[in-house]
Amino acid sequence: MSETISRADFLKAVAFNADGLVPVIAQDAKSGAVLMLAWMSHEALEKTLATGAVTYWSRSRKSLWTKGETSGHTQKLMEAYIDCDGDALLLKVDQAGPACHTGEAVCFYRKLV
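Residues numbered from 1 in each chain as written. Predicted model: local features only at pLDDT ≥ 70, side-chain atom pairs only at ≥ 80, totals over all residues. Heavy atoms only, no water.

Run through the overall build of the protein, naming residues and quoting values.
Within the protein one finds two helices and six strands. Taken from the N to the C terminus, the helices and strands of the protein come in the order α-β-β-α-β-β-β-β. Over its C-alpha atoms, taken along the principal directions, the protein stretches across nearly 35 × 35 × 30 Å. Per-residue burial over the protein gives 32% buried out of 113 residues. Across the protein, every contact between residues at least 6 apart in sequence was considered, and the portion connecting residues at least 24 apart equals 44%. Of the roughly 7100 Å² that the protein leaves accessible, carbon and sulfur atoms contribute 54%. For the protein, the separation between the mean place of its 12 positive charges and that of its 13 negative charges on side chains is 7 Å. (Helix = DSSP H or I, 4+ residues; strand = E, 2+ residues; numbered from the N terminus. Buried < 20%, exposed > 50% of the residue type's maximum accessible area, 1.4 Å probe, protein only. Contact = heavy atoms within 4.5 Å. Areas by Shrake-Rupley, 256 points an atom, 1.4 Å probe, with all protein chains shown as cover. Lys, Arg positive; Asp, Glu negative; His and termini not counted. Charge placed at Lys NZ, Arg CZ, Asp CG, Glu CD.)

Residue-level account of the packing of aromatic side chains, with values.
The tally for this structure, following the rule as stated, stands at one aromatic pair. In this structure, R110 is placed above the aromatic ring of Y109, and the distance from its NZ or CZ to the ring centre is 5.8 Å. (Phe/Tyr/Trp six-rings, centres within 6.5 Å; stacked < 30°, edge-to-face > 60°. Lys NZ or Arg CZ within 6 Å of the ring centre and 35° of its normal.)

Give me the lowdown on a nonpolar patch on the surface, citing residues and values where you can.
Taken together, the side chains of V34, L37 and F108 make up a nonpolar region of the molecular surface, amounting to roughly 280 Å² of accessible area. Position of F108 among the secondary structure elements: in the segment after β6 (89-95). (Patch = residues over 30% accessible without salt bridge, like charges linked within 9 Å, V, L, I, M, F, W, Y side chains within 5 Å. Salt bridge = Lys/Arg side-chain N within 4 Å of Asp/Glu carboxyl O.)

By themselves, these are just geometric observations and shouldn't be taken as functional.
See below:
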């Protein structure tokens, strides 16, 4: 069972780490497949909630990165969840195209044998 909270309370509840980031799992809203893990800053989260276009913080580029801005493989926010401690987010998204930069459908495509 899930609890519904306001956008303001959601933003207040996020416990960003010392670098000002929070880990985010993106999950396909239709299939339930886990697509990827990325990071969000407060600004990225606010932009995502305001626009519905999922925006992350690129640790390598040190800038905001809206998923699909170069590849066209966008993510549209369908639902957002925060874990019990506030230190991780789960976004259910409508994924267009592959989620992984390698071209794989999901980033978790390698399995331990």
